[in-house]
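Chain by chain, the residues run as shown.
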Protein chains: 2
Amino acid sequence: MESDILQNSGIKPSFHRLKILDFLRSRKNHPTVDEIYSELVKEVPTLSKTTVYNTLKLFQEAGLVRRINVEEQETRFDADTASHGHFKCVQCKKIYDFIVDDAAIVTSDLKGFNIEVKKVYFQGTCPGCLGK
Amino acid sequence: MESDILQNSGIKPSFHRLKILDFLRSRKNHPTVDEIYSELVKEVPTLSKTTVYNTLKLFQEAGLVRRINVEEQETRFDADTASHGHFKCVQCKKIYDFIVDDAAIVTSDLKGFNIEVKKVYFQGTCPGCLGK
DNA sequence: ATATTTGCAAATAATTTGCAGTCGA
DNA sequence: TCGACTGCAAATTATTTGCAAATAT
């Protein structure tokens, strides 16, 4: 359950936090802060954008969500913290997840480095838009 | 020569543009807009930050430089447009380049996709900071 | 002279911060 | 009650834009 996830991360499962976590986990589309806020405020009118920011920061520090920046200046969030890449279609703007073979990326250049986070962002055109 | 590079990209080699390109090519440290401006303004007092923005945008569109966003909200620029990854040390903040075997990353998940840009960002601790 | 480049200052956008009010154990 | 959670509004930061002045060919 969502509240257990928060408990286990040492985060008090308040109503707003549960809503935000729930939203992130149910949506696959890597929403922006604005999208999260705009959608949830319909259901939870007392929600403020500050709380969305606060909460996402909290989640992020706890490792519950990851920030995605396929394109600069546009920050999105992903509740799937397993390692995977993100592809953004330049036409339809949709973001696709794809599996990345982590091990294959590592090169001898980074011998002796302690790698904690790996981000793989691709951009291009998706099959749907290529057909046009 | 720098001015030829610009000519070949269809960009008029103005004084400021040459200075900015030169700066990017000589520095290996992937400067931010602010760093570029602050450094160059010492040498070229008439330079404005708007011009740095304009010029970088121009260069970027011409494919002369690439934007780097290892960490969200911090945009840096790289005059090396060959495919490579960027590692940012969370301790000393330094950015290291490393070779990436592009081919190894592609997965079956992206069959039918036209991949135009590949970005690989790692974060962690560099050997120097690990020793402390 | 004519088009391009440049620079200021204002506008915009995303995010952070300070602080006061509110809520729950 | 007390401390954590929330929300408003103001502050901050990065970037873009409009337009006029400077510059180059």
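Every value quoted in this text rests on a predicted model; they were computed, and no experiment measured them.

1. Quick notes on the interface of chain A and chain B
- Every contact between the two is made by 35 residues of chain A and, on the other side, 35 residues of chain B.
- Summed over both sides, the interface of chain A with chain B buries roughly 3200 Å², with 61% coming from carbon and sulfur.
- Across the contact surface, chain A and chain B share 2 salt bridges.
- Applying the counting rule to chain A against chain B returns 16 residue pairs in polar contact (both at pLDDT 80 or more).
- Contributions of two or more residues to the side of chain A that touches chain B are made by strand 4 (95-98), helix 5 (102-105), strand 5 (114-125) and helix 6 (127-130) of chain A.

2. Remarks on the pattern of salt bridges
Residue and element names in this part refer to chain A.
- For the structure on display, the rule yields 18 salt bridges over all chains.
- The salt bridge partner of Arg76 is Glu74, with a shortest N-O separation of 3.2 Å. For the pair formed by Arg76 and Glu74, the shared burial category is buried.

3. Brief notes about the UniProt feature "binding site: Zn(2+)" (unreviewed entry) in chain A
All names here are of chain A.
- Using the residue numbers shown here, the UniProt feature "binding site: Zn(2+)" (unreviewed entry) corresponds to Cys89, Cys92, Cys126 and Cys129. A maximum C-alpha distance of 8.2 Å is found for the annotated residues, which run over 41 residues; spatially they form one tight group.
- As for its placement among the helices and strands, Cys126 is situated in the loop between strand 5 and helix 6.
- Judged by relative accessible area, which is 2%, Cys126 ranks as buried.

4. So, the protein's contact with DNA strand C
- The environment of DNA strand C is formed by Thr50(A), Tyr53(A), Thr75(A), Lys12(B), Ser14(B), His16(B), Arg17(B), Thr46(B), Leu47(B), Ser48(B), Thr50(B) and Thr51(B).
- Between Tyr53(A) and DNA strand C, the recorded distance is 2.6 Å, taken from a side-chain N or O atom to a phosphate oxygen.
- At a separation of 3.3 Å, a phosphate oxygen of DNA strand C approaches a polar side-chain atom of Thr75(A).
- Elements with a minimum of two residues in the surface near DNA strand C: helix 4 (49-61) of chain A together with helix 2 (15-26) and helix 4 (49-61) of chain B.
- Each residue belonging to the surface near DNA strand C can be placed in one class, and the counts come to 2 nonpolar, 8 polar and 2 charged.

5. Notes on the protein's contact with DNA strand D
- In the vicinity of DNA strand D, the contacting residues are Lys12(A), Ser14(A), His16(A), Arg17(A), Thr46(A), Leu47(A), Ser48(A), Thr50(A), Thr51(A), Thr50(B), Tyr53(B) and Thr75(B).
- At 2.7 Å, a side-chain N or O of Arg17(A) approaches a phosphate oxygen of DNA strand D.
- Taking Thr50(A), its side chain carries an N or O atom lying 3.4 Å from a base nitrogen of DNA strand D.
- Counting residues per element, the ones that place at least two in the surface near DNA strand D are helix 2 (15-26) and helix 4 of chain A together with helix 4 of chain B.
- Of the residues that constitute the surface near DNA strand D, the class distribution is 2 nonpolar, 8 polar and 2 charged.

6. Quick notes on the layout of surface pockets
- In this structure, the largest pocket spans a volume of roughly 480 Å³.
- Arg66(A), Arg67(A), Val117(A), Lys119(A) and Gln123(B) are, among the 24 residues lining the largest pocket, the residues nearest its centre.
- Going through the elements one at a time, strand 1 (66-68), strand 3 (85-89) and strand 5 of chain A are the ones with two or more residues in the lining of the largest pocket.
- When the residues that make up the lining of the largest pocket are grouped by side-chain class, the tally is 7 nonpolar, 8 polar and 9 charged.
- Reported here for the second largest pocket is a volume of approximately 380 Å³.
- Around the second largest pocket, the lining is made up of 20 residues, and of these Glu72(A), Gln123(A), Gln60(B), Val117(B) and Lys119(B) lie nearest the centre.
- Among the elements of the structure, helix 4, strand 1 (66-68), strand 3 (85-89) and strand 5 (114-125) of chain B are those that each provide at least two residues to the lining of the second largest pocket.
- Sort the elements by how many residues they give to the lining of the second largest pocket and strand 5 of chain B lands first, with 6 residues.

Analysis parameters
Residues numbered from 1 in each chain as written. Chains lettered and ligands numbered in written order. Predicted model: local features only at pLDDT ≥ 70, side-chain atom pairs only at ≥ 80, totals over all residues. Heavy atoms only, no water. Contact = heavy atoms within 4.5 Å. Buried area = accessible area lost by both parts, 1.4 Å probe. Salt bridge = Lys/Arg side-chain N within 4 Å of Asp/Glu carboxyl O. Polar contact = N/O pair within 3.5 Å; in protein donor to acceptor, adjacent residues only side chain to side chain. Helix = DSSP H or I, 4+ residues; strand = E, 2+ residues; numbered from the N terminus. Buried < 20%, exposed > 50% of the residue type's maximum accessible area, 1.4 Å probe, protein only. UniProt positions renumbered as here; feature names shortened; annotations may be inferred. Near = heavy atom within 4 Å. Nonpolar A, V, L, I, M, F, W, Y, C, P; charged D, E, K, R; others polar. 1 Å grid on protein atoms, 1.4 Å probe; cavity = no way out; pocket = protein on both sides within 12 Å on 5 of 7 lines; lining within 4 Å. Points joined across faces, edges and corners; volume = space filled by probe spheres on them.

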